[in-house]
Amino acid sequence: MPALYEYFGLTVLFYSNEHEPIHVHGRYQGTESKAEVLIEDGKVVGIRIVAVRGRRSLPPKQLEDFQLLVERYAEEIVDKWIAYFVLHKSISSQRISRRIR
């Protein structure tokens, strides 16, 4: 379960047994939501936040942070997905200590 980002208590990660579409999970204090990266013609065109079955969704502030982070880092997330799931490379976690605006 590789972590991609840590952001003010929010952890953004892949599960090791993921499937397409490209997506990440955001976890915070026992809650979890998922963000799907929408791609058309090889370009990121949007982000869709969805619930994770059997889990309480992120609280509103963390959900807002999660969406902002995924929007800001969407292309990097796609690159990390390819590196991890297609090329079978290890990926490193990044701690983000400045607020995303």
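Residues numbered from 1 in each chain as written. Predicted model: local features only at pLDDT ≥ 70, side-chain atom pairs only at ≥ 80, totals over all residues. Heavy atoms only, no water.

Moving on, we come to a nonpolar patch on the surface. A cluster of nonpolar side chains, Ile82, Val86 and Leu87, forms an exposed patch at the surface whose accessible area comes to about 260 Å². Its place among the elements puts leucine 87 in the loop between helix 1 (60–86) and strand 6 (94–96). (Patch = residues over 30% accessible without salt bridge, like charges linked within 9 Å, V, L, I, M, F, W, Y side chains within 5 Å. Areas by Shrake-Rupley, 256 points an atom, 1.4 Å probe, with all protein chains shown as cover. Salt bridge = Lys/Arg side-chain N within 4 Å of Asp/Glu carboxyl O. Helix = DSSP H or I, 4+ residues; strand = E, 2+ residues; numbered from the N terminus.)

Bringing the packing of aromatic side chains into the picture now. All chains considered together, the criterion is met by seven aromatic pairs. Taken together, a centroid distance of 4.9 Å and an interplanar angle of 90° make the contact between tyrosine 84 and phenylalanine 85 edge-to-face. Accessibility expressed as a relative area gives 21% for tyrosine 84, which makes it partly exposed. Through pairs of rings, three or more aromatic residues link up here, namely Phe14, Trp81, Tyr84 and Phe85. We note lysine 80 situated over the ring of tyrosine 5; from NZ or CZ to the ring centre the distance is 4.7 Å. (Phe/Tyr/Trp six-rings, centres within 6.5 Å; stacked < 30°, edge-to-face > 60°. Buried < 20%, exposed > 50% of the residue type's maximum accessible area, 1.4 Å probe, protein only. Lys NZ or Arg CZ within 6 Å of the ring centre and 35° of its normal.)

Our focus in this paragraph is the environment of serine 92. As for its placement among the helices and strands, serine 92 is situated in the loop between helix 1 and strand 6. On the basis of relative accessibility, which here comes to 53%, the residue serine 92 falls in the exposed class. Through-space distance from the C-alpha of serine 92 to that of valine 45 is 25 Å; in sequence the pair is 47 residues apart. In this view, serine 92 contacts Ala3, Leu4 and Lys80; residues no more than four positions away in its chain are not counted. (Contact = heavy atoms within 4.5 Å.)

So, about the nonpolar core. Within the largest apolar cluster, 26 residues are counted, with the highest numbers of intra-cluster contacts made by Val24 and Ile77. Among the secondary structure elements, those contributing two or more residues to this core are strand 1 (3–7), strand 2 (10–13), strand 3 (23–28), strand 4 (31–40) and helix 1. Residue contributions to this core peak at 10 residues, all from helix 1. With near-sequence residues (within four places) excluded, isoleucine 77 lies in contact with Tyr5, Phe14, Ile22, Val24, Val37 and Val70. (Core = buried A, V, L, I, M, F, W, Y, C linked by side-chain atoms within 4.5 Å.)

For the rest of this paragraph, the subject is unusual backbone geometry. Residue glutamate 20 is joined to proline 21 through a cis peptide bond whose omega torsion reads 5°. One can find proline 21 in the loop between strand 2 and strand 3. At aspartate 41, a position not held by glycine, the phi torsion is positive, near 50°. On the secondary structure map, aspartate 41 appears in the loop between strand 4 and strand 5 (43–51). A positive phi is found at histidine 88, a non-glycine position, where the angle reads about 55°.

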